[in-house]
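Fold and contact review
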Amino acid sequence: MEDAAPTVVDALIAAFGGLTPTARALGHKHVTTVDGWRRSGRVPSWRWPEVLAGAKAKGVGLPEAVLEAARLSSQQPVGAEPSDDSAKRESGGDGPAVDAGKESAAARAA
């Protein structure tokens, strides 16, 4: 069985030097958040500012594919309902992403 193709998250983690250095550079005590990104293959849109700030603070050069993902993530219109790809984690924790927009829509319909 072939390994999956590297993702933007893999390139991001590699640029920082691994899971632990990435987590530490972004101010996370544990690697679970960054590992969640690796497993899902995406960084939530609301996390990109901390990624870019962490890279700048540590002098980490990010690959163009990572920078492009950050640019695309920031193009969601202000006030738009979050998509499945950019939903904030309602709890702010490291668990599965919760689409707060869908929950709000369901609550409005009730």
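Refer to the preceding data block for the structure.
Read on for an overview of the structure.

The rules behind each value
All residue numbers refer to position in the chain's written sequence, counted from 1. It should be noted that, the model being predicted, local features are given only for residues of pLDDT at least 70 and side-chain atom pairs only at 80 or more, the latter also being counted only at that level, while totals for whole chains, interfaces and linings use all residues. To obtain the side-chain values, all non-hydrogen atoms of the structure were included, while hydrogens and water were left out. Salt bridges are defined as contacts in which a side-chain nitrogen from Lys or Arg sits within 4 Å of a carboxyl oxygen from Asp or Glu. Under the DSSP-based scheme used, a helix requires at least four consecutive residues in state H or I and a strand at least two consecutive residues in state E, with every element numbered from the N terminus. Only protein chains enter the calculation, and the probe is 1.4 Å; a residue is then buried if its accessible area is under 20% of its type maximum, exposed if over 50%, and partly exposed in between.

Turning our attention to the pattern of salt bridges. The final tally for this structure, using the stated rule, is 5 salt bridges. Salt-bridge contacts for D35 lead to R38; the nearest nitrogen and oxygen are separated by 2.6 Å. Of this pair, D35 and R38 both sit in helix α3 (residues 32-40), 3 residues apart, which is roughly one turn of the helix. Among the residues examined, D35 registers a relative accessible area of 17% and is labelled buried. Salt-bridge contacts for E68 lead to R71; the nearest nitrogen and oxygen are separated by 3.0 Å. Of this pair, E68 and R71 both sit in helix α5 (residues 64-73), 3 residues apart, which is roughly one turn of the helix. Overall, E68 belongs to the partly exposed group, its relative accessible area being 33%.

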